[in-house]
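Summary of the model geometry
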Amino acid sequence: MDHPAFVLDDQAQAIDIRLTFDPRQARARPPRADAWAQTCQNTTMQKVAMFFVTALAIGACSGSDSTPAGDSALGPTPTVHRTPIGELPGIDIEAVLAHTKVLSSDEYAGRAPATKGEELTVNYLVGQFKEMGLKPGNTDGTYIQKVPLVGITADPAPLVLRKGSQTVTLKWKDDVVAGTKRVAETVAINDSEMVFVGYGVVAPEYNWDDYKGLDVKGKTLVMLVNDPPVPDPSNSSELDPKMFGGRAMTYYGRWTYKYDIASEKGAAGVFIIHETGPAGYPFDVVQGSWTGEQFDLVAPDKNMGLVAIQGWTSLDQGRKLLSMAGHDFDALKQQAATREFKPVPLGVTASMALRNKLRTSDSQNVLAKIEGRDPTLKDEYVVYTAHWDHLGVGEPVDGDRIYNGAVDNAVGTAGIVEIARAFTKLPEPPRRSILFLAVTAEEQGLLGSGYYAMSPIYPLAKTAAVINIDTLNVHGRTRDLTVVGLGASDLDDYARDAAGEQGRVIRPDAEPEKGFYYRSDHFNFAKQGVPALDPDEGIEFVGKPADFGEKVRGEYTARDYHKPSDVVRSDWDLSGAQEDLKLFLTVGYRVAEADRLPEWKPGNEFRAKREEMLKKQATN
Ligand SMILES: [Zn+2]
């Protein structure tokens, strides 16, 4: 009971609630009815429409020719050396199942970071990669990247607001919750000037800056949750689809973004005013997940570059704070949804001191690589990611305490192992190198991938693309594949292309307002600017009733998601996963062969970061 993993696991679930709007949601998506199932030979015209580049579409059926796309008016898809999907090595799905059974066995104890389960998992993965002849993925000659983790528990403390002689104290948990990422025994803000910065957003692609050049160093920022809800000029009852993704959530809407931008600007503290609608969850979810131990990475500066205190206030207290400053919440909120909004110094100061209990441990990312054959391009990498960790041993459910995590994500980890094996079966390696990166501590907040993106072994500017596998379909073949955040980058075109050759289609996720794209490991790469593909299983199952996809998803969500019953079952059918993995192999292979790197689509929030990164690299 008092095994350290127990504490970790228990907390992990709480933290995961903080990361997901609805922990029971598990990416369930309703079906759509646009099947497209024809073979390569007779679909050239559809492909022209689908891939935008005529030359590419013809290439799809005529072997591995390379055709320059140049500045084709038809679109920016990079030129690809296209070996037809059928000529690429297949995926050994029996091997995927065998790895999954090992990784999700009781012996591996739910694969919690910094436990015996981690040791077994890491050894197993390294063993597999070595055996198939992959090179160490770390430049130090090992297959390991150490990931320093810290658990921080802050003692409850009030937030004290002062204006002249007036003092208001917000009570911990009822009115305010807060924490720190700084690895320090105490952190504090002392009479720090408060500034209301609207949604706290700097978005060059929307010509939007909530700071308007105001120096907020050492100040405490007060922000609204989600992205600015800009009304559609032609229909004020709808959101402008051209601004912040319309109904869809962009990165600017995530609370993590708000703390990140505040840190970048040198602020001392941040408080987000909670609102149930825009947040997508009630304040008690925030209260539940923001108290107790919080896990994080330890950066070389011990996270001292981040804001000292980050927290939330209840809506009620947020309103009171603004009225104490002589402002009206609703009026400010309305202004904040416009480009003209200017930050509002509140004339109120904030004081809060947190005493922290610290617990540090090391975990590990596993990396292995296949070196590219092109003398220059081999310095560029296509990266496959999958999180190897799960929740470990925790609260018993029906007498079972081991959270085996077979779907989440033993099967995805097994998937990248077998994609790696398929790559070794090519007659020659691709032009670019391929990195297989099994990351730790996803369940604690995408920490392993976060560490890699913060301390990359290979420069992110040389990272061509990331393809992330978090769960696989275990219920048979589908006519479709979901691409979360569809339309984000050229990678979606690669996926559409490969799916077409399998007689399948890709579809967007049904709930873009929930921001799923920002909630798995690939996102740590995306937010630094690296184009990243986040595929999810299809929902139209071959030979099954129309509601089958929805039904099996619902069952998994209700019965098994983050529960000890997420185990390998005798009725699993991995034929759909086999096709999906082949598709991921094809996308990665073609990116590794292409003449140009994939790009974010114009208007995407990560495009500017990528351009900046590539420009910097070119001048070095
Ligand atoms: Zn999970």
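Worth saying up front: this structure is predicted, and the values here are computed from it rather than measured. (Residues numbered from 1 in each chain as written. Predicted model: local features only at pLDDT ≥ 70, side-chain atom pairs only at ≥ 80, totals over all residues. Heavy atoms only, no water.)

**As for the packing of aromatic side chains**
- With the rule as written, the count across this model stands at 27 aromatic pairs.
- Aromatic pair Phe196 and Phe341: ring centres 5.8 Å apart, planes at 85°, arrangement edge-to-face. Of this pair, Phe196 sits in strand β6 (residues 186–196) while Phe341 is found in the loop between α10 (329–336) and β15 (344–370), placing the two residues 145 residues apart along the sequence.
- Residue classification places Phe196 among the buried residues on the basis of a relative accessible area of 0%.
- Between the aromatic rings of Tyr281 and Trp312, the centroid separation amounts to 6.4 Å while the plane-to-plane angle is 70°, which identifies the pairing as edge-to-face. On the criterion of sequence distance, the pair formed by Tyr281 in the loop between α7 (276–279) and α8 (283–289) and Trp312 in strand β14 (residues 309–313) is long-range, its members being 31 residues apart.
- Within the aromatic cluster, the residues linked to one another by ring pairs are Tyr206, Trp208, Phe244, Tyr251, Tyr252, Tyr257, Tyr517, Tyr518, Phe523, Trp600 and Phe606.
- For Lys265, the ring lying beneath its charged end belongs to Tyr211, and the centroid distance is 4.7 Å. (Phe/Tyr/Trp six-rings, centres within 6.5 Å; stacked < 30°, edge-to-face > 60°. Helix = DSSP H or I, 4+ residues; strand = E, 2+ residues; numbered from the N terminus. Buried < 20%, exposed > 50% of the residue type's maximum accessible area, 1.4 Å probe, protein only. Lys NZ or Arg CZ within 6 Å of the ring centre and 35° of its normal.)

**Details of the coordination of the zinc ion**
- Those protein atoms acting as donors to the zinc ion are Asp408 (OD), Glu443 (OE), Glu443 (OE) and His562 (NE2), and they sit at 2.0 to 2.4 Å.
- The site at the zinc ion holds 4 donor atoms, and with the angles between them running 57 to 146°, its shape is irregular. (Donors = N, O, S within 2.8 Å, 3.2 Å for Na, K, Ca; no water. Tetrahedral: all angles 85-135°; square planar, octahedral: opposite > 155°, others 65-115°.)

**Topic: the sheet that holds strand β24 (residues 535–536)**
- With respect to topology, 3 strands assemble into an open sheet ordered β22-β21-β24, the strand pairing being mixed. Edge positions in the open sheet fall to β22 (505–508) and β24, since each of these has one partner strand only. (Pairing = 2+ DSSP bridges.)

**Focus: the environment of Thr220**
- With respect to the helices and strands, Thr220 occurs in strand β9 (residues 220–224).
- When its relative accessible area of 0% is taken as the criterion, Thr220 is described as buried.
- Each C-alpha atom of the pair Thr220 and Asn190 lies 10.0 Å from the other, and the pair is 30 residues apart in sequence.
- When neighbours within four sequence positions are excluded, Thr220 is seen to be in contact with Ile189, Ser192, Glu193, Met194, Val195, Gly269, Val270, Phe271 and Ala350.
- Side-chain polar atoms of Thr220 contact the side chain of Ser192, separated by 2.7 Å. (Contact = heavy atoms within 4.5 Å. Polar contact = N/O pair within 3.5 Å; in protein donor to acceptor, adjacent residues only side chain to side chain.)

**Structural notes on the packing of helix α5 (residues 116–131) against helix α11 (residues 406–424)**
- Packing of α5 against α11 leaves a shortest axis separation of 10 Å and a crossing angle of 10°. By the criterion of interaxial angle, the relationship of α5 to α11 is roughly parallel. Crossing hand, α5 versus α11: right-handed. Facing α5, whose interface residues are Leu125, Gln128, Phe129 and Glu131, α11 presents Thr413, Val417, Ala420 and Arg421. (Axes fitted to C-alpha atoms, helices over the stretch in contact; angles between N-to-C directions. Parallel < 35°, antiparallel > 145°, perpendicular 65-115°, else oblique. Left-handed = near helix turned anticlockwise from the far one by under 90°.)

**Some thoughts on the environment of Gly246**
- Considering the arrangement of structural elements, one finds Gly246 in the loop between β11 (235–239) and α6 (255–264).
- By relative accessible area, Gly246 is classed as buried at 8%.
- With 266 residues separating them in the primary sequence, Gly246 and Pro512 have C-alpha atoms 9.8 Å apart.
- Once you skip the residues sitting within four places of it in the chain, Gly246 turns out to touch Leu239, Asp240 and Pro241.

**Things to note about the environment of Gly347**
- Positionally, Gly347 belongs in strand β15.
- On the basis of relative accessible area, Gly347 is assigned to the exposed category, the value being 59%.
- Counting along the chain gives 23 residues from Gly347 to Met324, while the straight-line C-alpha distance between them is 9.2 Å.
- Leave out the neighbours within four places in its chain, and Gly347 touches Arg162, Lys163 and Met194.

**Structural notes on the side chain of Arg496**
- Residue position: Arg496 is located in helix α13 (residues 491–501).
- Polar side-chain contacts of Arg496 include one of 3.0 Å to the side chain of Asp493.

**Topic: helix α15 (residues 548–560)**
- Helix length check: α15 (13 residues) gives 17 Å between terminal C-alpha atoms against 18 Å at 1.5 Å per residue, within 8%.
- Those residues of α15 that fall on the buried side of the exposure criterion are Phe548, Gly549, Val552, Arg553, Tyr556, Thr557 and Asp560. The buried residues of α15 occupy an angular sector of 165° when the element is viewed end-on, so they sit on one face.
- Residues of α15 that are buried sit in contact with α11 and β24.
- Looking one or two places after α15, you find His562, whose phi comes out positive at around 55°. (Expected span 1.5 Å × (residues − 1). Arc of directions from axis to C-beta.)

**Concerning the confidence of the model for the protein**
- Averaged over all residues, the pLDDT of the protein is 87; the fraction at 70 or higher stands at 87%.
- Across residues 1–76, confidence stays below pLDDT 50; counting only partners more than four residues off in sequence or on other chains, it has 176 contacts. (pLDDT = per-residue confidence, 0-100.)

**Structural notes on the pattern of salt bridges**
- Evaluated as defined, the whole model comprises 35 salt bridges.
- Across the pair Arg359 and Glu293 runs a salt bridge, and its minimum N-O distance is 2.9 Å. With Arg359 in strand β15 and Glu293 in the loop between α8 and β13 (294–297), the pair connects residues that are 66 residues apart, well separated along the chain.
- Take Arg359: its relative accessible area is 34%, and that puts it in the partly exposed class.
- Given a relative accessible area of 9%, Glu293 falls into the buried group.
- Ionic pairing is found between Glu418 and Arg421, a salt bridge with its closest N-O pair at 2.9 Å. With Glu418 and Arg421 both in helix α11 and 3 residues apart, the pair spans about one turn of that helix.
- By relative accessible area, Arg421 is classed as buried at 16%.
- Shared partners join several salt bridges into a network, and the residues in it are Arg477, Arg504, Glu579 and Asp580. (Salt bridge = Lys/Arg side-chain N within 4 Å of Asp/Glu carboxyl O.)

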